[in-house]
Amino acid sequence: MSTEVLEDRVVDLGYPTKEDTSDPPDEKVQDLVSVPAPPPAEVAAVEEEKGAAIEANKFITLNLVLPQSTESIKVTIGTHDHIHELRQMASERPDSSYKTCFTLNHRGKVLDEFATVNTVPGLDDGETVKCVAEQYSLREARLHLKRVRSIIQHDVQINAQNGVDNLSLTFASVVAGRDVEEDITKGVKEDHGGNLDTNPPEYLFGNSAPLSALYPEQPTPPPECVQSIGYSGWNPPPGNRKMLGDLFYLQVKTLEGNTVHLTATPSGFYVNKTTEGGKFDPTPAEPPCKGYTLVDTLKQVSNLFNKNFVIVQKQCGKRNPYEVIPTPYPTFTWCKPVTEHTFDTLRAEEAYVPTSTSDEMSLGMMSSRDWNEELQSARELPQTNPHEKIVRDRTIFRVTCDFVAMAIKGAQAVVDGNIPPLNGADDRKSRMYLWNNIFFSLGFDMKDHYVDYGGDAAAYAAIAGDLRGIRLYQTLDSEGLHTLGTVIVDYRGYRVVGQSIISGILSRDQEQSIIYGSIDNGKTVNSNEKFRTVLTESSKRLHLREHSVVSGTSEEHSLITSYDCKGIVGNDGRHYLIDLFRSFAPDIFALGVPLKNFDSTEEEGEVKAALFTCPTTRHKLATLRAELTEAFAFYRYILFTQNMSAKFIKAKGEREGKKEDVKEGGQLEIQSKEQKEESESDNDSGCSVESPATPPATETTTPFTETDAKEILKEIKSSGTAKHFGSVTNDEFDLRYNPDIYTGIGSRDTPEEARRDQQIVQDMAMFLSDTVIVKLVYDLKTMTQRPLDAIQLRDIMHDRGINMRYLGSITKALEENSEKNHNYAICLSAMVTRGAKQAFKQYIIDIPGQQIAGATAHFLNCLVNGQDRQKSTSGENSPPAATTGGRKKNRNKKGKVAVREPGNAWSGTNARSIHNTICEVVKSKYDFSLETSEDGLIKMPLGGLQMTRLVCKAVGIQLMLRDYTENPRFAESDVMNMFPISKHSDPRANNTTKLKDLAEDRLNNGYLAESHDLITEALNTMLQVYGPLHTDIESSHKHLAHISYLFGRIGQAISHQKQALLASERVNGIDHHETIYGYVYLALFSHNLAQTGVALRLMYRAKYLLQLVFGPDHLEQAAFDINIGLMLMGKGDSKNSLRFLESALKLHKKFHGTSSVQVAMCNTLVARALARNADFREAMKYQKHAYEVYCEKYGEEDKRTKECSTFLQTLTGKAVELQKWLQNKEKMVPNMIVSEVMPDSSISEILTTVNGIPATPTKISAAISAADKIAAVQKPVEEVTTKIDDIKLNGDGEALD
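Everything quoted here is computed from the prediction, not taken from an experiment.

## Some points on the packing of aromatic side chains
Across all of its chains, the model carries 31 aromatic pairs by this definition. Here the aromatic rings of Tyr 1077 and Phe 1120 are separated by 6.3 Å at their centres, their planes lie at 75 degrees, and the arrangement is edge-to-face. Taken as a pair, Tyr 1077 in helix H36 (residues 1073–1088) and Phe 1120 in helix H38 (residues 1115–1131) lie far apart in primary sequence, 43 residues in all. One aromatic cluster in this structure is built from Tyr 637, Phe 640, Phe 725 and Phe 733. The ring of Phe 102 has Arg 87 lying over it, and the distance from NZ or CZ to the ring centre is 4.2 Å. In this structure, Arg 582 packs its charged tip against the face of Tyr 453, placed 4.9 Å from the ring centre.

## Describing the sheet that holds strand S16 (residues 514–516)
Overall, antiparallel pairing links the three strands, which are arranged S16-S19-S20 in an open sheet. Strands with a single pairing partner mark the edges of an open sheet, and in this sheet they are S16 and strand S20 (575–578). Each strand axis lies, on average, 45 degrees off the axis of its neighbour in the sheet, ignoring direction. In this sheet, strand S19 (residues 566–569) lies alongside S16 in antiparallel orientation, the contact comprising two bridges. Residue pairing in the sheet places Ile 514 in a bridge with Ile 568 of S19. Most of the contacts of helix H18 (residues 529–542) go to S20, to which it runs at about 75 degrees, and overall it touches S16, S19 and S20.

## Quick look at the packing of helix H31 (residues 944–955) against helix H37 (residues 1092–1109)
It is at 7 Å that the axes of H31 and H37 come closest, and there the two elements cross at 80 degrees. Comparing their axes, H37 and H31 come out roughly perpendicular. Each of Leu 945, Gln 946 and Arg 949 in H31 lies in contact with H37, whose residues at this interface are Gln 1107, Leu 1108 and Val 1109. When the residues that make up the contact of H31 with H37 are grouped by side-chain class, the tally is three nonpolar, two polar and one charged.

## Some points on the sheet that holds strand S21 (residues 957–960)
Spatial strand order, S11-S21-S22: three strands in an open sheet with mixed pairing. Taken across any chain shown, the strands that pair with only one partner, and hence form the sheet edges, are strand S11 (335–336) and strand S22 (975–978).

## Thoughts on helix H34 (residues 1031–1047)
Helix length check: H34 (17 residues) gives 24 Å between terminal C-alpha atoms against 24 Å at 1.5 Å per residue, within 8%. Taken across its 17 residues, H34 has 14 buried, putting it largely inside the fold. At the C-terminal side of H34, Gly 1048 shows a positive phi close to 90 degrees.

## Looking at unusual backbone geometry
That bond from Asn 235 to Pro 236 is cis: its omega, -5 degrees, falls within 30 degrees of zero. Here the amide bond leading from Glu 286 into Pro 287 is cis, since omega sits at -5 degrees, within 30 degrees of zero. As for its position among the elements, Pro 287 is in the loop between strand S9 (268–271) and strand S10 (290–291).

## With respect to the state of the cysteines
Within this structure, the stated rule accounts for zero disulfides. With no disulfide of its own, Cys 952 lies closest to Cys 335 among cysteine sulfurs, the gap being 8.4 Å. Residue Cys 952 is classed as buried on the basis of its relative accessible area of 0%. For Cys 1204, which is in no disulfide, the shortest distance to another cysteine sulfur is to Cys 1191 and amounts to 7.6 Å. For Cys 1204, a relative accessible area of 4% gives the class buried.

## Section: the pairing of strand S12 (residues 432–435)
Burial along S12 is two-sided: Met 432 and Leu 434 facing one way and Tyr 433 and Trp 435 facing the other are all buried. As paired strands, S12 and strand S13 (residues 438–442) are joined by four bridges and run antiparallel to one another. Directly across from Met 432, in S13, lies its bridge partner Ser 441. Linkage of S12 to S13, two consecutive antiparallel strands, is achieved through a turn of two residues, within which Asn 436 is found at a positive phi near 55 degrees.

## Focus: the pattern of salt bridges
For the coordinates displayed, the defined rule picks out 52 salt bridges. As a salt-bridge pair, Arg 545 and Asp 757 come within 2.5 Å of each other at their nearest N and O atoms. One end of the pair, Arg 545, is in the loop between H18 and strand S17 (547–550); the other, Asp 757, is in helix H24 (residues 751–781), with 212 residues separating them in the sequence. According to the relative accessible area criterion, Arg 545 is buried, its value standing at 10%. Where Arg 582 meets Asp 564, a salt bridge forms, and the shortest distance between an N and an O atom there is 2.1 Å. Remark: Asp 564 occurs in the loop between strand S18 (556–559) and S19 and Arg 582 occurs in the loop between S20 and helix H19 (588–591); sequence separation between them is 18 residues. Ionic contacts of the salt-bridge type, sharing partners, join the residues Glu 373, Glu 380, Asp 572 and Arg 574 into one network.

Calculation criteria
- Residues numbered from 1 in each chain as written.
- Predicted model: local features only at pLDDT ≥ 70, side-chain atom pairs only at ≥ 80, totals over all residues.
- Heavy atoms only, no water.
- Phe/Tyr/Trp six-rings, centres within 6.5 Å; stacked < 30°, edge-to-face > 60°.
- Helix = DSSP H or I, 4+ residues; strand = E, 2+ residues; numbered from the N terminus.
- Lys NZ or Arg CZ within 6 Å of the ring centre and 35° of its normal.
- Pairing = 2+ DSSP bridges.
- Axes fitted to C-alpha atoms, helices over the stretch in contact; angles between N-to-C directions.
- Contact = heavy atoms within 4.5 Å.
- Parallel < 35°, antiparallel > 145°, perpendicular 65-115°, else oblique.
- Nonpolar A, V, L, I, M, F, W, Y, C, P; charged D, E, K, R; others polar.
- Expected span 1.5 Å × (residues − 1).
- Buried < 20%, exposed > 50% of the residue type's maximum accessible area, 1.4 Å probe, protein only.
- Disulfide = S-S within 2.5 Å.
- Salt bridge = Lys/Arg side-chain N within 4 Å of Asp/Glu carboxyl O.

Put into structure tokens, the structure is as follows:
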């Protein structure tokens, strides 16, 4: 599809074209980002809720006395915070971080740490809370040992690389080189770039980026405190020693080389008389060496421990808390460096032995936590006031996080074979598992439930659809309706589903449990009045129509959901909905349903073809996304209101005209029935009817009364206007669809109802094809939307309500001039990655555990470089595959027969077979033919390292961090691990969502201060619910950073942006697109504060990450190059500045052509850089080209053209002045100072302009729109209906082509 055709379609839909958005007036920017304002009542409710929350949650200052100390510190805590927060504050202090066994006392009474501050009598502002040391129990002593070990072992970075304990990586502080916030606090404003290495790495100018640079060089780690520490072999204490208080025994080897044995007791730790290899004697040694904490005891034992522990404490105190706080969900990295595996008995003990009998990782199949009861009880908590809502949301979120973590561990154990199945005699694909009160099953059609829908393909799709349905119903949060906790885990080729267990479900047959829906594909159907009642509210918000279904026994039932959705009443009396995969509208394109002509009564004739479609899926469960349904409903609602307005205005004018006739002629002219029907038919033609001007009021005109208005509205409603736009009633607009319309189940709905159901679903699909996808394709083709990689492209499509199966048709539309559009390569990489994901699952699923590394390396070699054999990193060939699978018995050095390894199941797989599989998958799923070479290998759209990254992140492969070649070759040793990829529900704080929506509305209307207050209040609430690390926290900090920058509060902007960047690295990943833009924003804000050195290092990191995820030929690289070039220019490094600016110029020429405005701007910047080098003649060439482009685009009288001409004249004068000096050899050196050519102050202005952030907030909505545009942040899917006023309609209210 050509750009011209797309542009015409976009103009018809009312969207601004590329030319319109290049320099948009404020009104268009406002329309582009505007979302419908919430109703006044809802705004008032949110405002009232916000005020109540602010008034209720006050902050007080307390004096906190640290454990084992008389020192007190002042802490600030909210009255609705838990007492446990005080313990956390004490633990964050370096001098008390290792003190764990204490209680919090107030006025001599022990405080309940799970209570809130406002529930403690007398705990007011200025009160004192003491940390009182208590005696150790076995559990407390082991927790204390674990805490001490975590401080002295320095394994935070290693655990982050492996995703242990929900730790993840962050390099923002290391990349920056210094703490800008600390400089702001100290009032330091001068640039410290001279103290940092700001020379650009040479690889930034190449075509490939070294993978090793992904992990910046870390500062020197703190010194070791002990050689080893662990449990002694004398554990557990004998009975007589237990009676004396012994808890356990430790064995410590100090840095001096001494081995000491310690005894843990309720009163502390002491060195005993046990010797290495000697007699067991747990009595205190002579002289006594005892301390309350383990650290106090070790300080007496080892002088080196005492010295080094002080250094460790200082370094821990400097660490940003964001770097060590666990994330809500695990975040894994696709590559990591090789680290030395040290001897650590404590680590081994923690991995295999439970810390207590109630620990979740107990070796038994069941634990003490009833996940379903916890999840449902949390949702049943009261929410009558803001405080209760926060407590409820926090409880739901934390229980969900614990459940997800446990389900992921269980799923890995299932695949690894560490959990025995409940039905071990059945086939592997049909086995079920029970572990820690979580039920696990595999993503296959276990008992032929989906045989009529597509078998295993349908089962795989049903699992994902069920999770989307659970997310949807949990978002609605309907009272009395419950869903199961569900986690989907993809690991080693298997899809494992972990679900909470309904109370009593395991003790009865499934057929007896189902009281709503069907369990046998419609042969028998059940309905239930209670389920109908609880689903009534949800059905309106989900746009589901109550419909009739006829079972195989000819019984008619009335259902709201699809008949596949099942209702169960548990022993706890709760009503549960399961199997929610048909909670969305069916996708007729994916189901292969032909389009019908609903304008004709015979449903025959020419049918308008859809612009974008998708191939028919292998299963019959394809549905549209919930975002698309909401956008379509909103779109139809706008058309309905416009049509109503047009009819009302016309009817009002006609009625006023009739009354005037009565006054003047003495009689009322009444229309005939035929004339009235013709008039109504004209009015039904849509909202394109021109509204007649209201006649001016005269003495003879009767005023238009409220009674007249009600009569007109009643007439309009009775004419069927609402139903014409898809509503099921005429009283109000209520769009609904039948989820069972194309399921094949019998129905006794009337033909009119069936016709209407088919039409509304078809209209929904056509809206997706001819409106939503058209706008996306236009944005991608004109590069208004510039995703950085396939992951961001997926997020963009999903946010707009587009299923990924439409990716093939979208890619075909970008084929024209694809070499000038990197979005085409990103679309191709997305399809290849998804094809490789499916090929890898088929390939790896039957590989034995001991061959996974070799098989994975073989697959990557075949995929990326078309090679069928591995090579080791040292260049030596790996042993041939036949050696491990041969029939000869392998003998070890002692001559004993070793166990024979099984043959390599993957040795017969070659590059061509893998590439053929990918091509077949892409053709089947996306109807797209990948381009291949003569030998049948796919021509990869991106570089080898970029494709490797996408595939590793898609299937969960973790590689060794080393510098691979452009076409990497992988060895078995390069595969470090495989990590699980999980999908689950993510509970949100509902009140904060309303606050954020209201803040965005205020921001779009120019109320900057009010928007800042609303976002701040939302952020404070989210911190109480989520903690400091969450995607919503990251977006809120970014939002506040932009507003603070527009306010001129650069320090606050840097603080918020730094927290946003840290949160993005920890939650999203170190190479995520949000992380890349986080570095860019932090660099811009730092540069505005004259921290050029820090800003350059941050920009280098952003450019490197983009080079790693895509390559050098991305349009955003040009913006990054301009940023770096201007910063270097201001720093005085004109040579490197020129290199980056010329790189930006090259990219703009490639993507926009030599006569574009972007190229003219780059020519001007290059000319300024050359002028700073006093190369005026060369600068004149670039500036002359810019002047010619401006003249052609804007004319000689335009402001931009005049500025360009003035600068060209300045360059000419400087060149002449320099030439005269060279010819005459005058003693007086000419004035070559170029600050007047480009003052340093203008560099910041150009930077903010290039990145879309104006220096002054003249129009706040335009500022935020531009800021979000440079970050490629996807607008909500309602964007497709923003400029409805300009949409042209036909007689049926549909958008014209």
